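Residue strings, one per chain:
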Amino acid sequence: MLKILKYSFFDLIRSRWSIIYFLFYFVSGMVLLYLSNDVSKAIVSLMNITFILTPLIGTIFGVMNFYNSREFVELLLAQPIPRKRIFLGMYLGIGLSLSLSLFLGMALPFVFYGIFGSSAIGSLATLLLTGIFLTFIFTGISFYIALVNENRLKGFGMAILVWLFLSFVYDGLFLLLLLLLQEYPIENLAIGMSLLNPIDLSRILIMLRLDVSALMGYTGAVFHRFFGNGTGMLISLLALSVWTIVPVWFILKKSHKKDF
Amino acid sequence: MTFTIKQIFLSLLFLYGYQAYPATIEVSKSGQNSIQKAIDQANPHDTIVVLAGTYREHDILIEKPLNIRGVGRPVIDAGHAGQIIVVGSDSVAISGFQIQNVGFSFTKDWAAILIDNKNYCRIEDNILVDAYYGIYLKKSNHIVIRGNRLEGKAENEINSGNGIHLWYCDSILIENNHIKGHRDGIYFEFVENSTIVRNTSEANVRYGLHFMFSNNDDYIGNTFKNNGTGVAVMFSEHINMINNHFIDNWGTTNYGLLFKEISDGELSGNLFKNNTVGIFADGTNRMKISKNEFVENGWAMNVFSNCMNNEIVDNNFISNTFDLITNSAKHHNHYHHNYWDQYSGYDLDKDGIGDVPHRPVKLFSYLIGKVPESIILLRSFFIDIINMAEKVAPVLTPESLMDEQPRMKIITDD
């Protein structure tokens, strides 16, 4: 598995797209920092970019990479290697290379700017962590979709739909539900619903660091109490982990049965 | 003690015709050890010097004009038995004591120092520890309260008293005091023409400073930190609030500054930082709100629709989650020349004023007003999109509520 991971990882890291992905984060981080001259503001803007782009890139890369390396997979399958190792290796290869681009691209501008010792380091760390989580989650989902669908177009479309749903549509439905049920105590429902979407979950983890004043007001305090304390934090991280593991489990299950 | 010629001359001039010089009576643990007895023995205008030590007394009654001075911070401990010093005469000065452990009562407002219906007193440089009420003034005028430190142990609103409590007073000066752990740090009810300067009021259960039915008062250069609500101004007119700091007032019903039925005041040069709501205005009319800084608040201002003819000008709104929220599509206030960091317009003629108006009320803040739980969607893309749509064509948010001349740059003092 390690060998396949290594091939997949180095193949991707050398590719133009990884460099472009890295450069994109690096440049936007630099520009935001030096234009706003305010670390927390730069983190807010970067958060908006990250939560849209990371899942999207993860999705596209997952699908594209799987379809493109089809011949490579078929070649490997002919060898005496367990299927589990092949697919896990490929998945981790994509996830790691994307995460590396994200991590370096986002962290380096702040390191140059001098983040150490600033109070915003916690927010940046949260952003990096959730960004990496999102990368793995969406790579996994799209990888599974690609595995299920032989038809490239169909697979691609479905993966984008999932991204679109979790990024935009879900929040719209969420808001609609809150509006419809406003007469009822819906705090727990809201917490539950946010656990069901990794993007919302990541957003809330960042929000807890940036908008504490607002969260202490009105009902916000309920959310602050839940997500702000140790247990809530643990539950959120656990939910993100579940979101990471479930697609992988599906990939492994599917790869066992699939006819190539 | 040494006197200059001038002082001696002046003293002689003033004392001409007096039969006796003011005497100095000393109270110490080794000699005369009762403050009350010393007061009883003294003649009007004498000085009583109390030396270091702990004096277990309460209900000390002062019925003649005296200067009572602690040297080496003597402690008066009531052992929670009742009130401690009752001033029943004009022109009493009390300074240099540590006064502690006032009794608690549900029926009596026991205080560390009570001035009842008397004038021209000075309470200076005392430390009040675990006082139910700290300094309590009833129908008293021309009093100076300066440089005192009050440390209460209030835990809830029901079982606690106010730090400095004024009722029906006029011309009071409250300066450089530090008040902590009371119900209201400073409480004004029917107080006129009084000034509160450079005090710090923190960690009080209810309000840092509370005005009720009090007109023509000023508070300048104070810090209100980590209180239930920084300052509450209710049913009052002509209150000037200048250069104060309202910091860290966090919680569900907590505000930096609460306005309720007030009018014709001025609020300028203040800093609102890290509050859940910077200013909460209900029934507020003809106020001039200018040159204030709103930084990192949840909501910088919550202005109810029953507020009229207020002028909000030259303020900085920086890094607040929401700048402004209101509960109606109608509004009757004037916003202009403020700096809003969320303003996204342009300035083609380079006069420092944005060319397109800024609408500070976002659709999302309106939604939160309706469904508070929706705050969980804060900073979501979906919300950004509907905010943008609303900004282009306002439907739910007040269309006319806008800053026609938003500034492009942060306003600095110079």
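Residues numbered from 1 in each chain as written. Chains lettered and ligands numbered in written order. Predicted model: local features only at pLDDT ≥ 70, side-chain atom pairs only at ≥ 80, totals over all residues. Heavy atoms only, no water.

**A few points about the overall build of chain B**
1) Next: A count of helical and extended segments in chain B gives four helices and 39 strands.
2) Next: Viewed in the frame of its principal axes, chain B has a C-alpha envelope of about 85 × 45 × 30 Å.
3) Next: Pairs at least 24 apart in sequence give 47% of the contacts found in chain B among residues at least 6 apart.
4) Next: Here chain B displays about 17,800 Å² of accessible surface, and carbon together with sulfur accounts for 51% of that area.
5) Next: The distance from the centre of the 34 positive side-chain charges to the centre of the 48 negative ones in chain B is 4 Å. (Helix = DSSP H or I, 4+ residues; strand = E, 2+ residues; numbered from the N terminus. Contact = heavy atoms within 4.5 Å. Areas by Shrake-Rupley, 256 points an atom, 1.4 Å probe, with all protein chains shown as cover. Lys, Arg positive; Asp, Glu negative; His and termini not counted. Charge placed at Lys NZ, Arg CZ, Asp CG, Glu CD.)

**Some points on the overall build of chain A**
1) Next: When its secondary structure is counted, chain A shows 12 helices and zero strands.
2) Next: For chain A, the α and β elements follow one another from N to C terminus as α-α-α-α-α-α-α-α-α-α-α-α.
3) Next: Radius of gyration (C-alpha) of chain A: 20 Å, near the 18 Å computed for a compact globule of 260 residues.
4) Next: Taken along the three principal axes of its C-alpha coordinates, chain A extends 60 × 45 × 30 Å.
5) Next: Here chain A, with 260 residues, has 52% of them falling under the buried criterion.
6) Next: Long-range pairs, those at least 24 residues apart, make up 81% of the contacts in chain A with a sequence separation of at least 6.
7) Next: Summed over its atoms, the accessible surface of chain A is roughly 11,900 Å², and 71% of this surface lies on carbon and sulfur atoms.
8) Next: Positive and negative side-chain charges of chain A, numbering 18 and 11 respectively, have mean locations separated by a distance of 11 Å. (Rg over C-alpha atoms; globule rule 2.2 N^0.38 Å. Buried < 20%, exposed > 50% of the residue type's maximum accessible area, 1.4 Å probe, protein only.)

**A closer look at a nonpolar patch on the surface**
1) Next: There is a patch of nonpolar side chains on the surface, built from A:F165, A:V169, A:L173, A:L176, A:L179 and A:L180 and spanning about 530 Å² of accessible area.
2) Next: In this fold, A:L180 is placed in helix α7 (residues 152-180). (Patch = residues over 30% accessible without salt bridge, like charges linked within 9 Å, V, L, I, M, F, W, Y side chains within 5 Å. Salt bridge = Lys/Arg side-chain N within 4 Å of Asp/Glu carboxyl O.)

**Let's talk about helix α4 (residues 381-392) of chain B**
1) Next: In this model, α4(B) (12 residues) spans 17 Å end to end at C-alpha, consistent with the 16 Å of a helix rising 1.5 Å per residue.
2) Next: Looking at α4(B), one finds that the buried residues are B:F381, B:I383, B:I386, B:N387 and B:E390.
3) Next: Elements that come into contact with the buried residues of α4(B) comprise α3 (39-68), α7 and α9 (198-210) of chain A together with α3 (363-370) of chain B.
4) Next: Near the N-terminus of α4(B), the side chain that reaches the backbone nitrogen of B:F382, with its oxygen 3.2 Å away, is that of B:S380. (Expected span 1.5 Å × (residues − 1). Polar contact = N/O pair within 3.5 Å; in protein donor to acceptor, adjacent residues only side chain to side chain.)

**Description of the pattern of salt bridges**
1) Next: Enumeration according to the criterion identifies 15 salt bridges over all chains in this entry.
2) Next: For A:E150, the salt bridge identified is with A:R70, shortest N-O distance 3.2 Å. Of the two residues, A:E150 is situated in the loop between α6 (121-148) and α7 and A:R70 in helix α4 (residues 70-77); the sequence distance between them amounts to 80 residues.
3) Next: Taking the shortest distance from any N to any O, the salt bridge between B:D282 and B:K260 comes out at 3.2 Å. Of this pair, B:D282 sits in strand β31 (residues 277-285) while B:K260 sits in strand β28 (residues 255-263), and the two are 22 residues apart along the sequence.
4) Next: Because the salt bridges share partners, they merge into one network encompassing B:R122, B:E124, B:R146, B:E175 and B:R198.

**As for the packing of aromatic side chains**
1) Next: All told, the structure shown has 37 aromatic pairs over all chains when counted by the stated rule.
2) Next: With a centroid separation of 5.3 Å and an interplanar angle of 75°, the aromatic rings of A:F9 and A:F10 are classed as edge-to-face.
3) Next: Looking at A:F9, the relative accessible area reads 15%, which means it is buried.
4) Next: A:F10 sits in the partly exposed class, given a relative accessible area of 38%.
5) Next: Taken together, the aromatic side chains of B:F188, B:F211, B:Y219, B:F224, B:F246, B:F272, B:F294, B:F317 and B:W340 make up a single cluster linked through ring pairs.
6) Next: Residue placement shows B:K139 over the ring face of B:Y168; its charged tip is 5.7 Å from the ring centre. (Phe/Tyr/Trp six-rings, centres within 6.5 Å; stacked < 30°, edge-to-face > 60°. Lys NZ or Arg CZ within 6 Å of the ring centre and 35° of its normal.)

**Some thoughts on the environment of B:F190**
1) Next: Looking at where B:F190 falls in the secondary structure, it is placed in strand β19 (residues 186-192).
2) Next: Note: C-alpha distance between B:F190 and B:N215 (25 residues apart in sequence) is 7.5 Å.

**A closer look at the interface of chain A and chain B**
1) Next: Counting residues at the interface gives 38 residues for chain A and 33 residues for chain B.
2) Next: Buried surface at the junction of chain A and chain B, both sides included, amounts to about 2,900 Å², of which 71% is carbon and sulfur.
3) Next: Along the contact surface separating chain A from chain B lie zero salt bridges.
4) Next: Taken together, the connections running from chain A to chain B amount to three residue pairs in polar contact (both at pLDDT 80 or more).
5) Next: Secondary structure elements with two or more residues in the side of chain A that touches chain B: α3, α7, α8 (187-195), α9, α10 (212-215) and α11 (220-228) of chain A. (Buried area = accessible area lost by both parts, 1.4 Å probe.)

**What to know about the nonpolar core**
1) Next: With 97 residues, the main nonpolar core has A:F110, A:F227 and B:I376 as its most contacted residues.
2) Next: With sequence-adjacent residues up to four places away left out, A:F227 is seen in contact with A:I191, A:S194, A:L195, A:L201, A:I204, A:L208, A:G232, A:M233, A:S236 and B:I376.
3) Next: B:I35, B:Y132, B:L150 and B:F259 belong to the second largest nonpolar core, which has 82 residues in total. (Core = buried A, V, L, I, M, F, W, Y, C linked by side-chain atoms within 4.5 Å.)

**Quick notes on the side chain of B:S214**
Residue and element names in this part refer to chain B.
1) Next: With respect to the helices and strands, the residue S214 is situated in the loop between β22 (207-212) and β23 (218-220).
2) Next: Overall, S214 belongs to the buried group, its relative accessible area being 0%.
3) Next: Within polar-contact distance, the side chain of S214 engages the backbone oxygen of F188 at 3.4 Å.
4) Next: Among the polar contacts listed, one links the side chain of S214 to the backbone nitrogen of F190, at a separation of 3.3 Å.
5) Next: Not counting residues up to four positions away in its chain, the partners in contact with S214 are F188, E189, F190, V191, F235, S236, E237 and I239.

**Side note on the packing of α3(A) against α9(A)**
All names here are of chain A.
1) Next: Between α3 and α9, whose axes approach to 11 Å, the crossing angle comes to 175°. In this view, α3 runs roughly antiparallel relative to α9, as classed from their interaxial angle. The segment α3 lies against α9, with S40, I43, V44, M47, F51 and P55 engaging I199, S202, R203, I206 and L210.
2) Next: Grouping the amino acids of the contact of α3 with α9 by side-chain chemistry returns eight nonpolar, two polar and one charged. (Axes fitted to C-alpha atoms, helices over the stretch in contact; angles between N-to-C directions. Parallel < 35°, antiparallel > 145°, perpendicular 65-115°, else oblique. Nonpolar A, V, L, I, M, F, W, Y, C, P; charged D, E, K, R; others polar.)

**Some thoughts on unusual backbone geometry**
What is expected of a backbone is that most residues other than glycine have negative phi and most peptide bonds are trans.
All names here are of chain B.
1) Next: With a phi angle near 55°, H142 is a residue other than glycine that sits in the positive phi range.
2) Next: Summarising the element assignment, H142 is placed in the loop between β13 (133-138) and β14 (144-146).
3) Next: The residue R379 is not glycine, and still its phi comes out positive at about 65°.
4) Next: Tracing the sequence through the fold places R379 in the loop between α3 and α4.

**As for the packing of α7(A) against α4(B)**
1) Next: Look at α7(A) against α4(B): their axes get within 8 Å of each other, and the N-to-C directions meet at 75°. Comparing their axes, α4(B) and α7(A) come out roughly perpendicular. For the pair α7(A) and α4(B), the contacting residues are A:S167, A:F168, A:D171, A:G172 and A:L175 in the first and B:F381, B:F382, B:I383, B:I385 and B:I386 in the second.
2) Next: Here the residues of the contact of α7(A) with α4(B) sort into seven nonpolar, two polar and one charged.

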